[in-house]
Amino acid sequence: DAQQAFYQACTAGNDEATIQQIQDLYGAATVQALAEHVNEVLTEIDECQETMDEGGGMGLQHKHLPVIRRHNEFVRQVFKKVQWNLQQMM
């Protein structure tokens, strides 16, 4: 099976031909699936930001809100870079 062959090739560290063959077969699908995940995470971060901006629930009273906002912004920037890299691969 391809998954086991890929694992064996990677762990052996000396079977570049098998690694390349499997990446050629599944690379595009992997990039597409990863791009969808990245887009979903970015959407979720935007929705969280909107909730915080609207003061939904206890949001504005939470003492860690500034840290949460900085963390979300950091994650957003990282995922934006990943998104750009994936777009270059498509």
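None of the values given here were measured: they were computed from a predicted structure.

### Structural notes on the overall build of the chain
Piece 1. Scanning the chain for helices and strands turns up 3 helices and 0 strands.
Piece 2. When the helices and strands of the chain are placed in sequence order, the string is α-α-α.
Piece 3. Its C-alpha atoms give the chain a radius of gyration of 19 Å, more than 25% over the compact-globule value 12 Å for 90 residues.
Piece 4. Its C-alpha atoms put the chain at 55 × 25 × 20 Å along the principal axes.
Piece 5. Within the chain, buried positions represent 21% of all 90 residues.
Piece 6. The long-range fraction of contacts in the chain, counting pairs at least 24 apart against all pairs at least 6 apart in sequence, stands at 57%.
Piece 7. Accessible area of the chain: about 6900 Å², with a carbon and sulfur share of 56%.

### Some words on the pattern of salt bridges
Piece 1. If you walk through the whole model with that rule in mind, you get 2 salt bridges.
Piece 2. Ionic pairing is found between D46 and R76, a salt bridge with its closest N-O pair at 2.4 Å. Placement of D46 in helix α2 (residues 16-54) and of R76 in helix α3 (residues 65-89) is noted, with a sequence separation of 30 residues between them.
Piece 3. A relative accessible area of 36% means that D46 is categorised as partly exposed.
Piece 4. Classification of R76 by relative accessible area gives buried; the value is 12%.
Piece 5. The residue E73 makes a salt bridge to R76 at a minimum N-O spacing of 2.9 Å. Residue E73 and its partner R76 are both found in helix α3; the two are separated by 3 residues, about one turn of the helix.
Piece 6. Exposure remark for E73: the relative accessible area of 34% places this residue in the partly exposed category.

### A few points about α3
An α-helical turn contains 3.6 residues, so a residue and the one three or four places further along point in the same direction.
Piece 1. Over its 25 residues, α3 runs 36 Å from end to end, which matches the ideal 36 Å to within 8%, given 1.5 Å per residue.
Piece 2. Looking at α3, one finds that the buried residues are L65, N72, V75, R76, Q83 and L86.
Piece 3. The secondary structure elements touched by the buried residues of α3 are α2.

### Looking at the side chain of T18
Piece 1. Topologically, T18 is positioned in helix α2.
Piece 2. The contact partners of T18, leaving out residues within four places of it in the chain, are A5 and A9.

Rules used in this analysis
Residues numbered from 1 in each chain as written. Predicted model: local features only at pLDDT ≥ 70, side-chain atom pairs only at ≥ 80, totals over all residues. Heavy atoms only, no water. Helix = DSSP H or I, 4+ residues; strand = E, 2+ residues; numbered from the N terminus. Rg over C-alpha atoms; globule rule 2.2 N^0.38 Å. Buried < 20%, exposed > 50% of the residue type's maximum accessible area, 1.4 Å probe, protein only. Contact = heavy atoms within 4.5 Å. Areas by Shrake-Rupley, 256 points an atom, 1.4 Å probe, with all protein chains shown as cover. Salt bridge = Lys/Arg side-chain N within 4 Å of Asp/Glu carboxyl O. Expected span 1.5 Å × (residues − 1).

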